[in-house]
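Observations on the three-dimensional arrangement
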Amino acid sequence: MKKRLITFKVTDQMIQWLIEMETSGNYGSRSELVRDALAEFLAKEYYNGDIPFNARIKEKEQLNRM
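Residues numbered from 1 in each chain as written. Predicted model: local features only at pLDDT ≥ 70, side-chain atom pairs only at ≥ 80, totals over all residues. Heavy atoms only, no water.

Points about the overall build of the protein chain
When you go through the protein chain residue by residue, the secondary structure sums to three helices and zero strands. Helices (α) and strands (β) of the protein chain occur, in sequence order from the N terminus, as α-α-α. Taken over 66 residues, the protein chain has a buried fraction of 18%. Within the protein chain, contacts between residues at least 6 apart in sequence are counted, and of these 18% link residues at least 24 apart. (Helix = DSSP H or I, 4+ residues; strand = E, 2+ residues; numbered from the N terminus. Buried < 20%, exposed > 50% of the residue type's maximum accessible area, 1.4 Å probe, protein only. Contact = heavy atoms within 4.5 Å.)

Comments concerning the confidence of the model for the protein chain
Chain-level pLDDT for the protein chain is 78 on average; 70% of the residues reach the 70-or-more range. Averaged pLDDT values over the elements of the protein chain bottom out at 58 in helix 3 (residues 56-65) and peak at 90 in helix 1 (residues 12-24). (pLDDT = per-residue confidence, 0-100.)

Some details on the packing of helix 1 against helix 2 (residues 30-46)
Closest axis-to-axis distance for the helix 1/helix 2 pair is 9 Å, and the angle between their directions is 90°. Judged by the inter-axis angle, helix 1 sits roughly perpendicular to helix 2. Taken together, the residues of helix 2 that come into contact with helix 1 (itself represented by Ile15, Leu18, Ile19, Met21 and Glu22) are Arg30, Leu33 and Val34. Within the contact of helix 1 with helix 2, the residues separate by chemical class into six nonpolar, no polar and two charged. (Axes fitted to C-alpha atoms, helices over the stretch in contact; angles between N-to-C directions. Parallel < 35°, antiparallel > 145°, perpendicular 65-115°, else oblique. Nonpolar A, V, L, I, M, F, W, Y, C, P; charged D, E, K, R; others polar.)

Things to note about helix 2
End to end, helix 2 covers 24 Å across 17 residues, agreeing with the expected 24 Å (1.5 Å per residue, within 8%). Among the residues of helix 2, those classed as buried are Glu32, Leu33, Asp36, Ala39 and Ala43. Taken end-on, helix 2 shows its buried residues confined to a sector of 130°, consistent with a single buried face. Those residues of helix 2 that are exposed and aimed more than 90 degrees away from the buried face are Glu45 and Tyr46. (Expected span 1.5 Å × (residues − 1). Arc of directions from axis to C-beta.)

What follows is the structure in structure tokens.
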């Protein structure tokens, strides 16, 4: 599978929100947070709620259940 870079613009307020979520959600970077959020969104919208097996958010979901 070939990986592609996707860029987009966000407001300063959204950056602040990402920073807050990064620290409170135990993410290593904002990029990791965005990737996990996108994986969760796609899972809910296109995979009928099943999060793809290799998504890191699945690991976080399992940790939260403990």
